[in-house]
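Residues per chain are reported as follows:
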Amino acid sequence: MAEAAPSVLLAVEQLRRRVPGGIGNYARGLLSGLQRCADQGEGVELTLLASRPSGRTPDPLAAYGRPLVTSALPGPLMTRAWDHSVLRAPEGFAVVHSVSLAAPMLRRRSRSRLAVTVHDLAWRRHPEATTARGAHLVAPSLLVAADLVALGVDEHRITVVRGGTDHLVPPDADATTALLERVGVHGDYLLTVGTLEPRKNLVRLVRAFSRARARLPEPWPLVIVGPTGWGRAARPPETRGVVFTGSVADAVLSGLYGRARAFAYVPLTEGYGLPPLEAMSSGAPSVVSTEVPSVHDLGENDPPPARIVDPLDIGDMAAGLVDVLTDETLRGDLAARGSSFASARTWQAAAGEHVRLWRQLA
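The text that follows walks through the structure, step by step, so that each part is easy to find. (Residues numbered from 1 in each chain as written. Predicted model: local features only at pLDDT ≥ 70, side-chain atom pairs only at ≥ 80, totals over all residues. Heavy atoms only, no water.)

## Focus on the sheet that holds strand 12 (residues 286–289)
Across the sheet, which stays open at both edges, the 6 strands sit in the order 10-9-8-11-12-13 with parallel pairing between neighbours. This sheet does not close on itself; its edge strands, each paired only once, are strand 10 (242–246) and strand 13 (307–309). Across this sheet, the average inter-strand angle for adjacent strands is 25°, counted without regard to direction. Pairing of strand 9 (residues 222–225) with strand 10 involves 4 bridges; the strand directions are parallel. When the bridges of strand 10 are listed, Val-225 appears paired with Gly-246. Those strands touched by helix 7 (residues 274–281) are strand 8 (190–193), strand 11 (262–265) and strand 12, and its axis lies near 170° from that of strand 11. (Pairing = 2+ DSSP bridges. Helix = DSSP H or I, 4+ residues; strand = E, 2+ residues; numbered from the N terminus. Axes fitted to C-alpha atoms, helices over the stretch in contact; angles between N-to-C directions. Contact = heavy atoms within 4.5 Å.)

## Focus: the pattern of salt bridges
Between side chains of opposite charge, a pair can form when the charged atoms approach closely. The final tally for this structure, using the stated rule, is 12 salt bridges. Taking the shortest distance from any N to any O, the salt bridge between Asp-188 and Arg-261 comes out at 3.0 Å. Here the residue Asp-188 occupies a position in the loop between helix 4 (173–182) and strand 8, and Arg-261 occupies one in the loop between helix 6 (250–259) and strand 11, the gap between them amounting to 73 residues. Owing to a relative accessible area of 13%, Arg-261 belongs among the buried residues under this scheme. As a salt-bridge pair, Glu-270 and Lys-200 come within 2.9 Å of each other at their nearest N and O atoms. Here Lys-200 lies in the loop between strand 8 and helix 5 (202–213) and Glu-270 lies in the loop between strand 11 and helix 7, a separation of 70 residues in the sequence. As far as burial versus exposure is concerned, Glu-270 and Lys-200 are alike and both buried. (Salt bridge = Lys/Arg side-chain N within 4 Å of Asp/Glu carboxyl O. Buried < 20%, exposed > 50% of the residue type's maximum accessible area, 1.4 Å probe, protein only.)

## Examining empty space enclosed by the protein
Throughout the structure, instances matching the rule amount to 1 cavity of 30 Å³ or more. Estimated volume of the largest cavity: approximately 40 Å³. Lining the largest cavity, in full, are Thr-192, Val-193, Gly-194, Lys-200, Leu-202, Tyr-265, Val-266 and Pro-267. Of the residues belonging to the lining of the largest cavity, the class tally is 5 nonpolar, 2 polar and 1 charged. (1 Å grid on protein atoms, 1.4 Å probe; cavity = no way out; pocket = protein on both sides within 12 Å on 5 of 7 lines; lining within 4 Å. Points joined across faces, edges and corners; volume = space filled by probe spheres on them. Nonpolar A, V, L, I, M, F, W, Y, C, P; charged D, E, K, R; others polar.)

## Some thoughts on the sheet that holds strand 6 (residues 136–139)
Ordered by their spatial adjacency, 7 strands build an open sheet running 3-2-1-4-5-6-7, and the pairing between neighbours is parallel. Strands with a single pairing partner mark the edges of an open sheet, and in this sheet they are strand 3 (68–70) and strand 7 (158–160). Between one strand axis and the next, the sheet turns through 25° on average, direction left out of account. Direction of pairing for strand 1 (residues 7–11) relative to strand 2 (residues 45–50): parallel, over a ladder of 5 bridges. Looking at the pairing, Leu-9 lines up with Thr-47 of strand 2. The sheet strands contacting helix 3 (residues 142–150) are strand 6 and strand 7, and the helix crosses strand 7 at an angle near 165°.

In structure tokens form, the structure reads like this:
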């Protein structure tokens, strides 16, 4: 007799945000992977949980075709009520899983099990959402799992599930061309993608690029894609050869990945790091800093499918950029190994690991 599918309430409040960011990509990828699992008879009884919609009709979350539980509160008030346990998770589900630290706590005598995805160590700002309440933690990498253990979390409460890369939409060639023409980019370019915030280390990247540019055979520009985040010093100063596009549509982002001569991603640290996987899946040889576990996770994937650089060493970053932009043998090797590596990461596989975890918790 087949095992009954557990009932799971998935909190996806990040998808209500104006800029869902990397966690939003994780949530969308997970939902797409869960649908593929369901198509193969490996699904769960999934219900989504979020704040009330902003008035748009129909509710964008309805497009996922899943039952939806919405709070009477708008997002900021709902998550504040979650933080202070004024508002708790609805009853009647075997597992309650939040895709971020915006997570509702269970009632004291609840029969549900709680799981929370911890994308990085910012969870320490909200310890009430994890350590004190017995939640099972899902980490995107061995690096985050090791940090959690070092901070006192029982390793048996942690499951590592890595994200996929097959969420990219087909490129819009015309819109991509129009954007590049608008910002004055003609021909090859170096690309980086991410929110403009201090952790992304863009100021050092621009300095390294300026140093490397003098050694390039052509004055290829650096194209920086992403919304402005927090931190006054997050956005690099205007520099010759550096182009900012702001946020772009998903189909344009796919187009930019596909046309880039190379890709650079050099944050100070990262819990996982989807952008380099996205770039590699599009064939772009990549320069990646030391703590990006999506590419090299505590010694796994050795040699890594990217040129690894020290994010604090501008000279090392500059040398890495020159190598990946000009060394055709290296470029071909990284493009081939990167594409193979990234294509092996699928959201269906990630969803399957979530389903197995939920069954164990239930």
